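# Breakdown of the fold
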Amino acid sequence: MAVVGTLVTVALSNDPPPPSAENIEVAGLQTFEDLSADHVDTAVAYEQSPPVGGDHASAWLNCGTYSEPVPGENAVHALEHGAVWMTLRPDQGLGGGYPESG
């Protein structure tokens, strides 16, 4: 037991703690602040593609897989509730964009 305890202690003392979240750098990471969050009944011209926030529809988009483009206004509402949205245009591969909303 003493040997196992010593090995665990040595292993833990030699293992550095993970970096805190604010010290982790992610290449290409962008953040967006001060976006509105109003429910609207009209199409929204988002500044980012795919949209990352802002005014949006009052109905969210159900989480799932879609084979056709989805309304950005509904997807942004889902983001408001904590959903994660990944977009892909198969014709453009992983570097593709998102069709403009509205």
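Since this is a predicted model, take the numbers as computed values, not measurements. (Residues numbered from 1 in each chain as written. Predicted model: local features only at pLDDT ≥ 70, side-chain atom pairs only at ≥ 80, totals over all residues. Heavy atoms only, no water.)

### Overview of the side chain of N74
In this fold, N74 is placed in helix α2 (residues 72–80). Residue classification places N74 among the buried residues on the basis of a relative accessible area of 18%. Ignoring anything within four residues of it in the chain, the contact list for N74 reads A57, A59, W60 and L61. (Helix = DSSP H or I, 4+ residues; strand = E, 2+ residues; numbered from the N terminus. Buried < 20%, exposed > 50% of the residue type's maximum accessible area, 1.4 Å probe, protein only. Contact = heavy atoms within 4.5 Å.)

### Points about α2
Across the nine residues that make up α2, a large majority, seven, are buried. Considered for burial, the residues of α2 that qualify are G72, E73, N74, A75, V76, H77 and A78. Directly after α2, the chain includes G82, whose backbone phi takes a positive value near 100 degrees.

### A few points about the environment of S36
With respect to the helices and strands, S36 occurs in the loop between α1 (2–14) and α2. Through-space distance from the C-alpha of S36 to that of G53 is 7.4 Å; in sequence the pair is 17 residues apart. Excluding its chain neighbours within four sequence positions, the residues that come into contact with S36 are G54 and D55. Within polar-contact distance, the side chain of S36 engages the side chain of D55 at 2.6 Å. (Polar contact = N/O pair within 3.5 Å; in protein donor to acceptor, adjacent residues only side chain to side chain.)

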